[in-house]
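# Notes for the structure review
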Amino acid sequence: MKLSKMHIKTLREVPAEAEIPSHILLLRTGMIRKLASGIYGFMPFGWRSVRKIEDIIRQEMDAAGGQEIHMSAIQPAELWQESGRWFAYGPELWRVKDRGGRDFCLGPTHEEIFTDIVRNDVSSYRQLPMNLYQIQTKYRDEARPRFGLMRSREFIMKDAYSFDRDFEGLDKSYDEMYKAYEKIFTRCGLTFRPVEADTGAIGGSNSHEFTALSEVGESEIAYCEKCSMAATTERAECVDAAAETESMLALEEVNTPGTKTIDEVAAFLGLDKTKTIKALLFVTYDDEGKEKEYVAAFVRGDRELNMTKLINALNIPEHAIEFADEEKMAAATGCVGGFTGPMGLHDCKIVVDSELPGLRNLCVGANKENYHIKNMNYGRDYEGDIVTDLKLLKEGDPCPVCGAPVKHARGIEVGQVFKLGTKYSESMNAIYKDENQKDRLIVMGCYGIGVTRTLSAIVEQHHDENGIIWPMSVAPYHVIITLVKPGDEEQAAVAEKIYDELMREGVEVLLDDRNERPGVKFKDADLLGIPVRITVGKRAPEGIVEYKLRRDNDKEEKTVEEAIKAAVEIVKAEK
Ligand code: ATP
Ligand code: MG
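About the criteria used
Residues numbered from 1 in each chain as written. Chains lettered and ligands numbered in written order. Predicted model: local features only at pLDDT ≥ 70, side-chain atom pairs only at ≥ 80, totals over all residues. Heavy atoms only, no water. Helix = DSSP H or I, 4+ residues; strand = E, 2+ residues; numbered from the N terminus. Buried < 20%, exposed > 50% of the residue type's maximum accessible area, 1.4 Å probe, protein only. Contact = heavy atoms within 4.5 Å. Areas by Shrake-Rupley, 256 points an atom, 1.4 Å probe, with all protein chains shown as cover. Donors = N, O, S within 2.8 Å, 3.2 Å for Na, K, Ca; no water. Pairing = 2+ DSSP bridges. Axes fitted to C-alpha atoms, helices over the stretch in contact; angles between N-to-C directions. Near = heavy atom within 4 Å. Polar contact = N/O pair within 3.5 Å; in protein donor to acceptor, adjacent residues only side chain to side chain. 1 Å grid on protein atoms, 1.4 Å probe; cavity = no way out; pocket = protein on both sides within 12 Å on 5 of 7 lines; lining within 4 Å. Points joined across faces, edges and corners; volume = space filled by probe spheres on them. Nonpolar A, V, L, I, M, F, W, Y, C, P; charged D, E, K, R; others polar. Domains from an automatic or database assignment.

## Focus: the overall build of the protein
When you go through the protein residue by residue, the secondary structure sums to 14 helices and 31 strands. With the principal axes as the frame, the protein shows a C-alpha extent of 95 × 65 × 50 Å. The buried share among the 575 residues of the protein stands at 53%. In the protein, the share of contacts with a sequence separation of at least 24, taken over all contacts with a separation of at least 6, comes to 70%. Summing over all exposed atoms, the protein offers an accessible surface of approximately 25,500 Å²; the carbon and sulfur share of this is 47%.

## Quick word on helix H13 (residues 518–528)
Burial in H13 covers these residues: Val520, Lys521, Asp524, Ala525, Asp526, Leu527 and Leu528. In this fold, the buried residues of H13 make contact with helix H1 (21–28), helix H2 (44–63), strand E26 (467–468), strand E27 (479–483), strand E28 (509–512) and strand E29 (532–536). One or two residues past the end of H13 sits glycine 529, with phi positive at roughly 75 degrees.

## Re the coordination of the magnesium ion (ligand 2)
The protein atoms that coordinate the magnesium ion (ligand 2) are Glu413 (OE) and Gln416 (OE1), at distances of 1.8 to 2.2 Å. For glutamine 416, a relative accessible area of 10% puts it in the buried group.

## A few points about the sheet that holds strand E31 (residues 555–559)
Pairing in this open sheet of five strands is mixed, and the strands run E28-E27-E29-E30-E31 from one edge to the other. A single partner strand is all that each edge strand has here, and the edge strands are E28 and E31. If you compare each strand with its neighbour and ignore which way they point, the axes differ by 25 degrees on average. The sheet contact formed by E29 and strand E30 (residues 544–549) spans four bridges and is antiparallel. When the bridges of E30 are listed, arginine 533 appears paired with lysine 548.

## Let's talk about the site of ligand 1
Residues in close proximity to ligand 1 total 15 residues, the closest being Arg140, Glu142, Arg151, Ser152 and Glu413. Within the contact set of ligand 1, a nitrogen atom lies 3.4 Å away from a backbone nitrogen or oxygen of methionine 150. Between arginine 453 and ligand 1, the recorded distance is 3.0 Å, taken from a side-chain N or O atom to an oxygen atom. Protein contacts shield 85% of the accessible area of ligand 1, which totals 580 Å² for the unbound molecule. Of all elements in the fold, only strand E8 (154–164) and strand E21 (407–421) reach the threshold of two or more residues within the shell around ligand 1.

## Comments concerning the side chain of histidine 478
Within the fold, histidine 478 resides in the loop between E26 and E27. Accessibility expressed as a relative area gives 2% for histidine 478, which makes it buried. Beyond its immediate stretch of four places on either side in the chain, histidine 478 contacts Lys52, Met472, Val507, Glu508, Ile530, Pro531, Val532, Val571 and Lys575.

## Quick notes on unusual backbone geometry
Leucine 128 connects to proline 129 through a cis peptide bond whose omega is 0 degrees. When you line up the elements, proline 129 lands in the loop between helix H5 (111–121) and strand E7 (130–139). Of note in the backbone geometry, asparagine 367 takes a positive phi value of approximately 55 degrees without being a glycine. Of note, asparagine 367 is situated in the loop between strand E18 (362–365) and strand E19 (371–376). In this structure, asparagine 370 is a non-glycine residue whose phi angle is positive, near 65 degrees.

## Notes on the layout of surface pockets
Taken as a whole, the second largest pocket spans an internal volume of roughly 320 Å³. Around the second largest pocket, the lining comprises 21 residues; the ones closest to its centre are Lys260, Lys278, Ala279, Gly338 and Phe339. Listing elements by their share of the lining of the second largest pocket, those giving two or more residues are helix H7 (262–269), strand E14 (277–285) and E18. It is E14 that provides the largest number of residues to the lining of the second largest pocket, a total of five residues. Classifying every residue of the lining of the second largest pocket by side-chain character gives eleven nonpolar, seven polar and three charged.

## Some remarks on the domain arrangement of the protein
Entries for the protein in the domain assignment read domain 1 (16–207 + 412–460), domain 2 (252–388) and domain 3 (477–574). Between the C-alpha centres of domain 2 and domain 3 the distance comes to 66 Å.

Structure follows, in structure tokens:
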């Protein structure tokens with residue numbers, strides 16, 4: 001393609017809301033264009049890279065036995081009501097009505113639709129296993145769309161669903177998808193780590209996230225260098241502190257004026273924070289959005305509450321819980337903001353972290369303004385309605401598998417695989433007849449890749465101060481020929497010759513024949529990040545051009561033939 005004929009609009013200035021490199025660069029290169037908050041369109045270069053990612057996914061999904069189909073983005077509410085997610089998915093579900101008032105949603109994911117297809121079409125064990133997938137536009141009315149394609153309200157996802165006869169079959173399907181994902185993200189040029197993940201609103205038992213490592217990522221992962229433990233911090237188990245053996249001392253109410261935080265009370269009483277208990281107060285909501293109950297969660301003072309673990313313990317959707325209004329909760333339960341403890345609380349669910357029962361003589365709020373109680377002991381003085389691990393695994397905490405101190409890293413979740421089991425086949429009655437004509441539930445898995453988020457993640461990992469540095473496999477074009485003086489006939493002829501020959505070799509090539517200053521062209525070539533640049537300038541009449549890889553600093557003079565050969569070779573090796 002000749003740049004003089006192309007629709008290209010690079011920007012010198014980008015809107016201030018673009019904070020991270022991938023968002024800035026995708027806007028500056030003109031690859032994406034914003035239509036509304038979290039809604040983007042793709043311009044020629046951007047769309048070419050999206051399609052390359054899609055092609056890689058398609059090839060690996062097909063190789064793993066997937067069959068591509070394409071479903072509508074619009075889904076009837078009835079299917080979501082059947083699975084129970086019309087409520088569970090919450091305000092992220094983009095609901096719409098048709099002119100007759102019938103409810104629909106713009107699909108954020110397609111478990112219901114694929115389960116519906118399979119329950120209608122599959123009747124015998126002979127038709128299983130099966131893996132269906134699509135690459136399709138998804139909608140989620142995110143509370144905080146941000147970072148461009150990273151968290152948008154409309155995005156492209158590859159979603160696959162596996163259907164097996166039994167759990168053994170599911171394990172195999174899951175494993176195949178896991179391996180296909182490793183190939184896909186490797187081919188996309190990403191440095192990534194598969195980590196154990198929470199199953200969230202989609203449900204199911206077992207899950208991994210594929211995390212592209214990046215400082216700007218919204219996922220926090222914990223991993224161990226001594227063993228293979230790696231999990232999102234949401235999911236990671238946290239080892240309880242060893243149970244203490246000291247004898248229980250008598251309760252003691254102490255005056256602690258104005259000490260509302262753990263830091264304040266620990267400092268005031270001269271206690272280590274590990275000798276205190278922290279309270280966190282919540283209210284939950286029912287299916288109709290009405291207040292359901294108050295919840296007080298207790299963890300050791302130096303720990304942090306892991307919200308995902310609390311939500312899972314309560315078995316409620318993420319959107320059905322909020323921090324409580326302390327005054328309102330006080331009237332109903334007897335808690336006192338800043339001085340809440342488990343003793344004497346009423347009409348409130350008490351959730352206690354699993355290590356607290358083993359600890360002795362802790363200090364906690366007295367449910368009385370300006371007072372704490374010392375020597376509080378589980379069993380003797382208070383009990384929990386639920387006792388479970390509620391702790392966030394912090395950097396340096398012992399690894400739940402081997403005990404070595406864990407490390408933390410940030411990353412971008414580019415894909416996730418789930419073992420759904422029979423969650424959807426049960427609620428939607430997807431059954432097949434086995435060898436003995438007995439009805440059995442189909443066992444399912446689901447597997448997502450954020451195609452457009454992957455594009456952002458690639459840019460995040462491959463750029464410098466001058467622009468993007470595309471890996472060959474996903475570059476919008478492989479080679480850019482920079483023609484220094486388009487008016488010079490000899491230069492133009494050499495550039496055209498290289499252009500024609502590269503195209504004949506199947507190389508995707510751009511010819512920058514615009515009437516622009518060379519400096520502008522070099523800047524744009526760097527910004528766009530085309531992997532190979534061949535500059536045709538002064539020495540063209542002698543058959544000499546300049547050859548440069550975007551990822552390297554040095555340039556080399558080569559004959560026209562050498563430059564063509566080098567370009568063809570590197571493109572073939574890396575595309
Ligand atoms: P997140 O935790 O980031 O909100 P999720 O776990 O809800 O994502 P999944 O339901 O697992 O996402 O969706 C599959 C994939 O789709 C994700 O791994 C991610 O790559 C992509 N994705 C999810 N939400 C968005 C979004 N708002 N914008 C762009 N891509 C997204
Ligand atoms: Mg996910």
